[in-house]
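# Structural overview for review
Chain by chain, the residues run as shown.
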Amino acid sequence: MNFIAPISIDNLLSQAEKENLYLKLIEQINKDFNLANEAIDFHISTKPAELKIQLHEKIYRLIQYKFAEYLNLLYIIDVPEDQIKKLDGSDISELSGQVAFLILKREWMKVWFRNRY
């Protein structure tokens, strides 16, 4: 089975749940945020809708108030720079939602491959 990149956050989260990898996804997000010294502590009981909102808010605050830490986080998670550069930064709320999706996609890819291979 090949990795198929999800088309939206909702699609990604439902795919993670279907494959029983949602908890692993939460663990991976917590781990990488902690590595970047940007503690985010999603509890294993965090529902996908809450995860989506809280991650969006966290990215929004980082872009707004802690830009160097935001860049460091992207580096640690290994979000492709070319994908970030393609985003329109004129609306920070919109941008942070798109970045949250890129972060989730990268984290999901790590979890998915680790589970398969």
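A few points on the structure. Quick caveat: nothing in here was measured; it's all calculated off a predicted structure. (Residues numbered from 1 in each chain as written. Predicted model: local features only at pLDDT ≥ 70, side-chain atom pairs only at ≥ 80, totals over all residues. Heavy atoms only, no water.)

Another point: the nonpolar core. Judged by nonpolar contacts, the single largest core of 34 residues is most densely connected at Leu25, Phe33, Ile59 and Ile103. Elements with a minimum of two residues in this core: helix 1 (9-18), helix 2 (22-35), helix 3 (48-65), helix 4 (67-77) and helix 6 (92-116). If you tally residues by element for this core, the top one is helix 6, at ten residues. Not counting residues up to four positions away in its chain, the partners in contact with Ile103 are Phe33, Ile59, Leu73, Leu74, Ile77 and Val79. (Core = buried A, V, L, I, M, F, W, Y, C linked by side-chain atoms within 4.5 Å. Buried < 20%, exposed > 50% of the residue type's maximum accessible area, 1.4 Å probe, protein only. Helix = DSSP H or I, 4+ residues; strand = E, 2+ residues; numbered from the N terminus. Contact = heavy atoms within 4.5 Å.)

Looking now at the environment of Ile59. With respect to the element layout, Ile59 can be found in helix 3. Given the relative accessible area of 0%, Ile59 is considered buried. Measuring from C-alpha to C-alpha, the distance between Ile59 and Gly97 comes to 7.8 Å, with 38 residues separating the pair along the chain. Each residue touching Ile59, except ones within four places of it in the same chain, is listed here: Phe33, Tyr70, Leu73, Ser96, Val99, Ala100 and Ile103.

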